[in-house]
Amino acid sequence: MNSFTYARAQDVQMAIAEKTSGTETKFIAGGTNLTDLMKVNVENPTHVVDIRRLPLKQITETESGGLRLGALATNAETAYHELVETRYPLLAKAILAGASAQLRNMATNGGNPLQRTRCYYFYDTATACNKREPGSGCSAINGFNRIHAILGTSEHCIAVHPSDMAVALTALDATVNVSGPNGERSIPFLEFHRLPGDTPHLDTNLGADEIITSIDLPAKGFAEYNTYLKLRDRTSYAFALVSVAAALAIEGDIIKEARIALGGVAHKPWRKPEAEATLVGKEATPENFKLFARELVAGAKGFGHNDFKIELAHRAIVRALLQAAKKEALI
Ligand SMILES: Cc1cc2nc3c(=O)[nH]c(=O)nc-3n(C[C@H](O)[C@H](O)[C@H](O)COP(=O)(O)OP(=O)(O)OC[C@H]3O[C@@H](n4cnc5c(N)ncnc54)[C@H](O)[C@@H]3O)c2cc1C
Ligand code: SF4
């Protein structure tokens, strides 16, 4: 048992001040990831700041016609919110594909994208892991790596980001709003998570002293043609081996816009806007989607146990895009 001190933040400024107080401080929101990591000694904060009661729970329309999701609204409140269900069904589907009803009732919109990898070695303090202990090595590269990344890996880490919600937010071009000692700023979701490179201990570009206050969705929600396809070992309560958030704008038979992000394949939701541009002006056919899949997954590399993910990703992309184009419910 590691002892730690506890404070409950009354407002955002107090939360930031507590975080910059000089100790090894962590915010706690729903606590569904942080407490698990504390129990296995992967996270060892000396001070925990409870942000759960901050007034950041609202889901409101923005002046630009989009939606602002409060960082402390729960995943359940968000997925079942009328405006999310009707205008951003892709996001609702992705959230509901994750975890369990009980977990979604606790998990928050700020905590979800900040949950940490499910790499087995990251959780096992008896093994080497550059993410947990920089410089110690990566046990997964030559170990059991069935759930690991095939894209954007480095010689230091091949972990994947486990969030489903983040995959949809990436496809939807969301923005993360944060506050810190130097004021407020916004980070495009596409740039929020990082590739491992030689700093695998850093999951995101959020500053150490910053707090997420909200997430903005742009006006365009791709409510008509979208799908979230999640492939996993069990049909519930399991993380994605490969997932696809697909959003299309179609007029007649022609694709006018395409946004596709992959989960379960990289250290961040994987998206390539330049590949999406190749779909514009084309018909929604299996052949065109296969060509696109080749572009999106180009350069993929397996590490043995996870080689199957390369073919799985190609097939999942084609299936998700066909389902989105036909407005088909998922099987
Ligand atoms: C058994 C199980 C199955 C799961 N399955 C899935 C799944 O299939 N798909 C999926 O996507 N997720 C899944 N999850 C993960 C779950 O969705 C996350 O644990 C949850 O979303 C984290 O949110 P939280 O509010 O509980 O975060 P917390 O645990 O409170 O915090 C997580 C991290 O974020 C930081 N933090 C939290 N809020 C803020 C903020 N506003 N600003 C700055 N930092 C902040 C904390 O300091 C901490 O480091 C599963 C979890 C469990 C336990
Ligand atoms: S893949 Fe990343 S998280 Fe997993 S053992 Fe290697 S360094 Fe650690």
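Along each chain, residue indices are assigned from 1 in the same order as the chain's sequence is written. Each chain gets a letter, beginning with A, and each ligand a number, beginning with 1, in the order they are written. Only residues with pLDDT of at least 70 are given local features in this predicted model, and only at 80 or more are side-chain atom pairs given and counted; all residues enter the totals for whole chains, interfaces and linings. Neither water nor hydrogens contribute to the side-chain values; these are computed over all heavy atoms in the structure.

Participant: Looking at this model, I keep getting lost on the pairing of strand β5 (residues 67-70). Mind explaining?
Facilitator: In the case of a regular strand, side chains alternate between the two sheet surfaces. As paired strands, strand β4 (residues 59-61) and β5 are joined by three bridges and run antiparallel to one another. Directly across from E61, in β5, lies its bridge partner L67. At least two DSSP bridges between two strands are required for those strands to pair. A run of H or I in DSSP counts as a helix once it spans at least four residues, and a run of E counts as a strand once it spans at least two, with each numbered from the N terminus. Here β4 folds back onto β5, and the loop between the two strands holds five residues, one of which, G65, carries a positive phi near 90°. Here four bridges tie β5 to strand β8 (residues 211-217), and the two strands are oriented antiparallel to one another. Bridge pairing in β8 links L69 to I215.

Participant: Explanation requested: the pairing of strand β7 (residues 183-188) in the structure shown.
Facilitator: Relative to β7, strand β6 (residues 175-180) is paired through six bridges, and the arrangement is antiparallel. Note on β7: the bridge partner recorded for T175 is P188.

Participant: Please explain the side chain of N33 as it appears in this structure.
Facilitator: Mapped onto the fold, N33 is located in the loop between β2 (25-28) and α2 (34-39). Residue classification places N33 among the buried positions, given a relative accessible area of 11%. From its side chain, N33 meets the backbone nitrogen of R116 in a polar contact 2.9 Å long. Throughout, a residue-residue contact means that at least one pair of heavy atoms, one from each residue, lies within 4.5 Å. Sequence-distant contacts of N33, that is, excluding residues within four places in its chain, are made with Q115, R116, R118 and Y123. Relative accessibility under 20% of the residue-type maximum defines a buried residue, over 50% an exposed one, and the middle range a partly exposed one, all with a 1.4 Å probe and only protein chains included. Polar contacts, as used here, are pairs of N or O atoms within 3.5 Å; protein pairs need one atom able to donate a hydrogen and one able to accept it. Residues neighboring in sequence count only if both atoms are side-chain atoms.

Participant: Can you help me understand the nonpolar core in this one?
Facilitator: The nonpolar side chains of soluble globular proteins are, as a tendency, buried together. In this text, buried Ala, Val, Leu, Ile, Met, Phe, Trp, Tyr and Cys residues form a nonpolar core when linked through side-chain atoms within 4.5 Å. Residues L69, L90, L91, L169 and L217 are the most contacted members of the largest nonpolar core, which totals 37 residues. Elements with a contribution of two residues or more to this core: β5, α5 (89-96), α8 (165-171), β6, β8 and β10 (242-251). Counting residues per element, this core draws most heavily on α8, at six residues. Once you skip the residues sitting within four places of it in the chain, L217 turns out to touch G66, L67, L69, Y88, L91, L169, L172 and A174. Formed by 33 residues, the second largest nonpolar core is a distinct cluster that contains Y225, V244, I255 and F289.

Participant: Got a minute to help me understand a nonpolar patch on the surface in this structure?
Facilitator: A contiguous nonpolar surface patch, about 420 Å² in accessible area, is contributed by M1, F4 and Y6. M1 gets classed as exposed once you look at its relative accessible area, which sits at 95%. Residues enter a patch when their relative accessible area is above 30% and they make no salt bridge; the linking distance is 9 Å between like charges and 5 Å between nonpolar side chains (Val, Leu, Ile, Met, Phe, Trp, Tyr). In these tables, accessible area is a Shrake-Rupley quantity obtained with a 1.4 Å probe, and a residue counts as shielded only by the protein chains included in the view. The rule for a salt bridge is simple: a side-chain nitrogen of Lys or Arg has to be within 4 Å of a carboxyl oxygen of Asp or Glu.

Participant: Could you clarify how one ought to interpret the site of ligand 2 in this entry?
Facilitator: Only a single heavy atom is needed: when it lies within 4 Å of a molecule or strand, its residue is near that molecule or strand. Among the 14 residues in the neighbourhood of ligand 2, the closest are listed as C119, C129, C138, C157 and I158. Residue polarity is assigned by list, with Asp, Glu, Lys and Arg as charged and Ala, Val, Leu, Ile, Met, Phe, Trp, Tyr, Cys and Pro as nonpolar; anything else, Gly included, falls into the polar class. Residues belonging to the shell around ligand 2 are distributed by class as follows: nine nonpolar, four polar and one charged.

Participant: Honestly, the site of ligand 1 in this entry has me stumped. Any pointers?
Facilitator: For ligand 1, the set of nearby residues contains 33 residues, the closest of which are F27, G31, T32, T108 and D164. Contact between ligand 1 and I212: a nitrogen atom at 2.9 Å from a main-chain N or O atom of the residue. When isolated, ligand 1 has an accessible area of 980 Å², and the protein chains bury 93% of it. Mapped by element, the contributors of at least two residues to the shell around ligand 1 are β2, α2 and β8. Residues belonging to the shell around ligand 1 are distributed by class as follows: 16 nonpolar, twelve polar and five charged. What fixes the domain bounds is an automatic or database domain assignment. Residues lining the shell around ligand 1 come from more than one domain, with at least three contributed by each of domain 1 (5-50) and domain 2 (225-326).

Participant: Help me out: how do you make sense of the sheet that holds β8 in this one?
Facilitator: Backbone hydrogen bonds hold the strands of a sheet together, and the pairing may be parallel or antiparallel. If you walk across this open sheet you meet the five strands as β4-β5-β8-β6-β7, and the pairing is antiparallel. Looking at which strands have only one partner, the edges of the open sheet turn out to be β4 and β7. Averaged over all neighbouring strand pairs, the angle between strand axes comes to 25°, with direction disregarded. Where helices are involved, their axes are fitted lines through C-alpha atoms of the stretch in contact, as for all axes, and angles between N-to-C directions lie from 0 to 180°. Across the sheet, helix α1 (residues 12-19) touches β6 and β8, and the angle it forms with β8 is around 130°.

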